[in-house]
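Listed below are the residues making up each chain.
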Amino acid sequence: MLLGFCASICILELLSTYHFHYFGRCIDVTGAYSAQKTELNISLTAIGLLWTSTDFIIKGVTYVTETEKETDGRSEEYSEDNGINSSDTVVDQALMNIVDRDKLLFSVFSLLQNLGADERPEVRNSAVRTLFQILGSHGQKLSKTMWEDCLQNYVFPTLDRASHMAATSSRDEWHGKELGTRGGKAVHMLIHHSRNTAQKQWDETLVLVLGGIARILRTFFPFLRNLKNFQSGWDSLLVLVKNSILKGSKEVALAAINCLQSTIVSHSPKGNFPMSYLESVLDVYDLVLQKTPDCSDGVASKVKQDILHGLGEIYVHAQGMFDNDMYKQLFDVIEAVLKEVKMTNNSFEVEYGNVPPLKRTALEVLSLLRPTAQLSSMWFFLLGNLLKYLPKPNSSLVNNEDDSELTESKSHISDTINTKEVPNGIGSAFQRKGEASPMSLESITNINYLLADKIVPVLVDLFLHAPATEKYKIFPEIIQGLGRAFSFALCPLLGTYNFLLSVTYISRCMTTRRDNPGGSLWRLAVEGLNRVVLDDVSKVTIDSQEDQTIQRPARVRVWKEVADVYESFLAGHCGRALSYSALSATVLKADELLEMNILDILGDKILKSQIDVPLDILQRLVTTLDRCASRTCSLPIETVELMPSYCSRFSLTCLQKLFSLSSYERADWCLSRSEVSKISIMVLMSRCEFILKKFLEDENDLGEQPLPTPRLEEIIFVLQELARLVIHPDTVSVLPLRHSLKEGLSDENCGRRSHLLVLFPSLCELVASRYATSFLLSFSHREARVRELVQVLLRLVATDLGLEKLNLSS
């Protein structure tokens, strides 16, 4: 310590004079102190003095006394020009000869490089830090020639040596210095496990070297890349990065990745990072991701995650440099990782419904890959590839050996429900004999389900950001894919919620919900579909100047797929019945709200908007609502009360949507609204007539027994809505009424309730029904409501025909 202190005083005294020729000797002495092996602190102090010496050398500073300053006007003038405070005692500056300065600096660099190979980790790490601190802090003052010498003789050789030593050093564990004995046994100083081998100590040094190179590349890359020997150094750096990731420790691998990342992120946004360099980095990442060991190893997984984050960061900061080929390469690299991770159904992640961290990271990065304006054609490529991860339907729901069971089951169901009596009812699904079901029997805990669960939100978010011209190229496939996602999670609905169905068939249908009744894939898909459809409807409604000549064919395909999905989800599948008994009331309520939201979007947003939906698609969408509205009335009377309460609510909501679509509301009336109203009124009249007819049939079958509550609520709801319904004259024109009858309608009312004339025969039949005359019996007040409502409707018919009761007394 004493020697170190004396050396410090000596050097500082020498630096305060004009005798530049002593600097060389001073640096040599300091180097000798730093290399001595007797006292560690002396070596560290000497390295610190080298850093101090370099400050003086770089700045060309020499100190003079205040007396010398007063006699040297030129020095005073120079001091003021360089911002030195005249009140300081050390104020004068003079430029050192450039040749002498460079020689002194090379002496310091050489000493620090040699110390970077010292066997003592503390010394070599201090020397490495000092070398790169000098270059990072004062590099802008070094000439081009000097930088070339630094890179060739000091920077890259230091990197190569540290890498070689880290790869070849002993991995034998060290024992700390013996501190004494206890119980006859030696007691050693504890060494942390991260530093208990020579190899781990050299890894730490290599991390420092990589950090130092990262610093000078961040700061000086645009200048350095023009040096004659930089390309060879860059190539050697890429090789070392590759080897560090594949064979090095986690710390070394992460430092190597950061060395490249920090350079790209710092300079690519400014246009200072050439394309060839970017391509070389992507090639390295691609190579190491392919060759990195199995990701069951936590270290390999962490390194791959860091590379993936780096790729996303590169794209975000260097978007302008990417062309189509580079974009595809980037996507392929990420997708390879997404496909690589293997999971089994008994793995920890699957057991708890989680995707492994590496897959989650890949998905996070994919969400960043929004193509720029010059990469607009890549939207189709990106979205199309993501669609591949959504579930794919099987060609058949069951095996051939089970066909006999299904045939018997269908026969039994057909005997129970006469589908011919149900116009557009859910039971009509049986009439499509041999139709393949979109249901997959794949277990919901399968990795494909878990991955699709995470893909859906990413896919929807990316799609919503796509330009309209690119969006419509793949819009139908997006709708189709989302439809598969929630079809995958639901079972085919065979003749509505009929609990007389074959237990064997239902068990197969509900397999996915039993395995994971709270699964989120179908919910995410439904929410994604809602967002996609609402976004399109709102944009088409607002932006009327859109180029319809380009989008018209695509939009027809889109609406066809939308109709398929709504028909499949709302009328062709059910996701509840047996397996939903395992869910909490909160989850059931949330699912019911989600289903009601689907109806709201279909009935209030899509069908009431000024959209260019073809008439045949409008017919299908309205028919889908009608099939859902038939859930209550199409069931046999003996099974109605077995139907869950939410099914009845759902059915009534669909009926309400049909009434709403048929009604005349001035605020939203337009040409498309008129067309929907014409379609809806005919479907609604058919449904109401069937409900009224079914009501009378059930009454005859039950005799003196009360009608089931769901059926009674339905008839009351229909009669109330019929009384409220007012239709537009254009809608009246499609009703099946004789021309003479239309002419006889009251001019004042303009036939606004002409729909009641269509149902007039059925309403007359209700007059004689048991529930219409229930005031004579001891039935409930709710049952008596039927009579009152029928009376109201008949009065409305009379009013519409101008047959109000005359005041004879007048």
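Residues numbered from 1 in each chain as written. Predicted model: local features only at pLDDT ≥ 70, side-chain atom pairs only at ≥ 80, totals over all residues. Heavy atoms only, no water.

**Observations concerning the overall build of the protein**
Line of reasoning, step 1. Along the protein, the regular secondary structure elements total 34 helices and four strands.
Line of reasoning, step 2. Looking at the protein as a whole, 52% of its 810 residues qualify as buried.
Line of reasoning, step 3. Within the protein, contacts between residues at least 6 apart in sequence are counted, and of these 78% link residues at least 24 apart.
Line of reasoning, step 4. A total accessible area of about 37100 Å² is found for the protein, and carbon and sulfur atoms account for 53% of it. (Helix = DSSP H or I, 4+ residues; strand = E, 2+ residues; numbered from the N terminus. Buried < 20%, exposed > 50% of the residue type's maximum accessible area, 1.4 Å probe, protein only. Contact = heavy atoms within 4.5 Å. Areas by Shrake-Rupley, 256 points an atom, 1.4 Å probe, with all protein chains shown as cover.)

**A word on the packing of helix α26 (residues 615-629) against helix α28 (residues 671-702)**
If you want to describe how two helices pack, look at the angle between their axes and the distance between the axes.
Line of reasoning, step 1. Running from N to C, α26 and α28 cross one another at 35 degrees; their axes reach a closest spacing of 10 Å. Remark: the crossing between α26 and α28 carries right-handed chirality. Residues L615, L618, Q619, V622 and D626 of α26 pack against E675, V676, I679, S680, V683 and R687 of α28. (Axes fitted to C-alpha atoms, helices over the stretch in contact; angles between N-to-C directions. Left-handed = near helix turned anticlockwise from the far one by under 90°.)

**Considerations on a negative patch on the surface**
Line of reasoning, step 1. On the surface, E279, D283, D323 and D325 cluster together to form a negatively charged patch.
Line of reasoning, step 2. Among the structural elements, E279 can be located in helix α12 (residues 275-291).
Line of reasoning, step 3. The exposure class assigned to E279 is partly exposed, which follows from its relative accessible area of 33%. (Patch = residues over 30% accessible without salt bridge, like charges linked within 9 Å, V, L, I, M, F, W, Y side chains within 5 Å. Salt bridge = Lys/Arg side-chain N within 4 Å of Asp/Glu carboxyl O. Lys, Arg positive; Asp, Glu negative; His and termini not counted. Charge placed at Lys NZ, Arg CZ, Asp CG, Glu CD.)

**Examining the pattern of salt bridges**
Line of reasoning, step 1. Scanning the model with the defined rule gives 18 salt bridges in all.
Line of reasoning, step 2. Residue R620 is joined to E567 by a salt bridge in which the shortest nitrogen-to-oxygen separation is 3.1 Å. Here R620, found in helix α26, pairs with E567, found in helix α24 (residues 548-571); they are 53 residues apart in sequence, far enough to count as distant.
Line of reasoning, step 3. Among the residues examined, R620 registers a relative accessible area of 23% and is labelled partly exposed.
Line of reasoning, step 4. You can call E567 partly exposed: its relative accessible area is 27%.
Line of reasoning, step 5. A salt bridge links D698 to R711, with the shortest nitrogen-to-oxygen separation between them at 2.1 Å. With D698 in helix α28 and R711 in helix α29 (residues 709-724), this pair connects stretches of sequence that are 13 residues apart.

**Considerations on the state of the cysteines**
Line of reasoning, step 1. In this structure the tally under the stated criterion is zero disulfides.
Line of reasoning, step 2. Summary of cysteine pairing: C688 is not part of a disulfide, and the nearest cysteine sulfur, belonging to C633, is at 9.8 Å. (Disulfide = S-S within 2.5 Å.)

**Here's the deal with the packing of aromatic side chains**
Line of reasoning, step 1. For the structure on display, the rule yields 19 aromatic pairs.
Line of reasoning, step 2. Both rings, one in W234 and one in Y277, keep their centres 5.1 Å apart while their planes meet at 70 degrees; by these two values the pair is edge-to-face. With W234 in helix α10 (residues 230-247) and Y277 in helix α12, this residue pair connects regions lying 43 residues apart in the sequence.
Line of reasoning, step 3. Owing to a relative accessible area of 1%, W234 belongs among the buried residues under this scheme.
Line of reasoning, step 4. For Y277, a relative accessible area of 7% gives the class buried. (Phe/Tyr/Trp six-rings, centres within 6.5 Å; stacked < 30°, edge-to-face > 60°.)

**Considering helix α27 (residues 645-662)**
Line of reasoning, step 1. The terminal C-alpha atoms of α27 lie 26 Å apart, and with 18 residues this matches the ideal 26 Å at 1.5 Å per residue to within 8%.
Line of reasoning, step 2. When you tally the buried positions in α27, you get 15 out of 18 residues, the bulk of the element. (Expected span 1.5 Å × (residues − 1).)

**With respect to the packing of helix α6 (residues 98-115) against helix α7 (residues 121-138)**
Line of reasoning, step 1. It is at 8 Å that the axes of α6 and α7 come closest, and there the two elements cross at 145 degrees. Taken as a pair, α6 and α7 cross one another with a handedness that is left-handed. Judged by residue contacts, V108, F109, L112 and L115 of α6 engage V123, R124, A127, T130, L131, I134 and L135 from α7.

**Some points on the environment of P222**
Line of reasoning, step 1. Summarising the element assignment, P222 is placed in helix α9 (residues 198-224).
Line of reasoning, step 2. Note on P222: relative accessible area 27%, which makes it partly exposed.
Line of reasoning, step 3. With near-sequence residues (within four places) excluded, P222 lies in contact with H267 and N272.

**Re the side chain of T361**
Line of reasoning, step 1. You can see T361 is positioned in helix α16 (residues 357-366).
Line of reasoning, step 2. Setting aside its immediate chain neighbours within four residues, T361 contacts Q305, L308 and H309.

**What to know about the side chain of T263**
Line of reasoning, step 1. Residue placement: T263 occurs in helix α11 (residues 250-267).
Line of reasoning, step 2. Taking the relative accessible area as the measure of exposure, T263 reaches 0% and is therefore buried.

**Some details on the environment of Q720**
Line of reasoning, step 1. Position of Q720 relative to the elements: it lies in helix α29.
Line of reasoning, step 2. Residue Q720 is classed as partly exposed on the basis of its relative accessible area of 23%.
Line of reasoning, step 3. Sequence-wise, Q720 and L793 are 73 residues apart; in three dimensions their C-alpha atoms are separated by 8.8 Å.
Line of reasoning, step 4. Ignoring sequence-local partners within four residues, the contact set of Q720 consists of R785 and L789.

**Thoughts on the confidence of the model for the protein**
Line of reasoning, step 1. For the protein, the mean per-residue pLDDT works out to 74, and 69% of the residues sit at or above 70.
Line of reasoning, step 2. Under a pLDDT of 50 for its full length, residues 394-445 has, in the predicted model, 94 contacts with residues more than four places off or in other chains. (pLDDT = per-residue confidence, 0-100.)

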